[in-house]
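Take a look at the letters that make up each chain.
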Amino acid sequence: MAVRKILKLGNPVLRLASEDVSEDEILTRDFKKLLRDMFETMEHAEGVGLAAPQIGILKKLVVVGNDPKHPDHSPEVPKQVIVNPKITPLTSDLEGHWEGCLSVPGMKGYVERPVKIRMEYRDESFKLHDEVIEGYRAIVMQHECDHLFGVLYVDRLKSTQLFGFTEDVNTGGKELD
Ligand code: ZN
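So, here is what we can say about the structure in this document.

## Things to note about the coordination of the zinc ion
All of the protein donors around the zinc ion are Cys-101 (SG), His-143 (NE2) and His-147 (NE2); their distances to the metal are 2.1 to 2.3 Å. Here the donor residues of the zinc ion are spaced in sequence according to C-x41-H-x3-H. With Cys-101 in the loop between β4 (94-99) and β5 (107-114) and His-143 in helix α3 (residues 135-146), the pair connects residues that are 42 residues apart, well separated along the chain. In this pair, the class of Cys-101 matches that of His-143, namely buried.

## A look at the sheet that holds strand β2 (residues 61-64)
Spatially, the five strands line up as an open sheet ordered β1-β2-β3-β6-β7, and their pairing is antiparallel. Edge positions in the sheet fall to β1 (49-51) and β7 (128-134), since each has one partner strand and no second. For this sheet, the mean inter-axis angle between neighbouring strands, taken without regard to orientation, is 40°. Examined bridge by bridge, β1 and β2 share three bridges and lie antiparallel to one another. Its bridge partner lying in β2, Ala-51 is registered against Val-62. Sitting on the sheet, helix α2 (residues 29-44) touches β1, β2 and β3 (80-89), and the angle it makes with β2 is about 45°.

## A closer look at the side chain of Gln-80
Mapped onto the elements of the fold, Gln-80 is located in strand β3. Of note is the side chain of Gln-80, whose polar atom sits 3.0 Å from the side chain of Arg-137. When residues no more than four places from it in sequence are discounted, the contact partners of Gln-80 are Phe-39, Val-62, Val-63, Val-64, Tyr-121, Glu-131, Arg-137 and Met-141.

## Structural notes on the pairing of β2
Neither face of β2 is exposed, since Leu-61 and Val-63 on one face and Val-62 and Val-64 on the opposite face are all buried. Direction of pairing for β2 relative to β3: antiparallel, over a ladder of four bridges. Looking across to β3, one finds that Val-63 is bridged to Val-81.

## Focus on unusual backbone geometry
Although it is not a glycine, Glu-46 sits at a positive phi angle of roughly 60°. The backbone of Phe-126 shows a phi angle near 70°, a positive value even though the residue is not glycine. Considering the arrangement of structural elements, one finds Phe-126 in the loop between β6 (116-122) and β7. Judged by its relative accessible area of 13%, Phe-126 is buried.

The rules behind these values
Residues numbered from 1 in each chain as written. Predicted model: local features only at pLDDT ≥ 70, side-chain atom pairs only at ≥ 80, totals over all residues. Heavy atoms only, no water. Donors = N, O, S within 2.8 Å, 3.2 Å for Na, K, Ca; no water. Helix = DSSP H or I, 4+ residues; strand = E, 2+ residues; numbered from the N terminus. Buried < 20%, exposed > 50% of the residue type's maximum accessible area, 1.4 Å probe, protein only. Pairing = 2+ DSSP bridges. Axes fitted to C-alpha atoms, helices over the stretch in contact; angles between N-to-C directions. Contact = heavy atoms within 4.5 Å. Polar contact = N/O pair within 3.5 Å; in protein donor to acceptor, adjacent residues only side chain to side chain.

The quantities given are spatial measurements derived from coordinates; they are silent on function.
Have a look at this one:
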């Protein structure tokens, strides 16, 4: 396994749209190694989620969930592989969180997103899932899936005044890495 380099804001690759993952591809040894590397990279960086474009792979692939020992561990977000996700908001009710991103290290920004979504996706066996997801997990999924379309949370800030260095912003405790 290997910790991969995480691309940072300003790298043009983060702004590109990713391609679907095929069933043939998902069963290859290379793909299984990529998944292990993504989990290892996310855990090393102490993140809650990592999208493939963040390590320069333009595929619709996300890993989420972290170790119970992680300071930001949330039992609401179990370890999971998300392939080819399609998200549809199910409410116009928005919930605000101070989001962070492994591609924007050391900073936080306040973003409001729909709090209830439908997500159709495939898992690491290419099995199709269709789920209604609410709350914190819905926020994490939307943040990670945005990466697959070249969108970063900084594009969705409620206000540029609600953005800054982690140690200097007053987040009121609602944080998301
Ligand atoms: Zn991110």
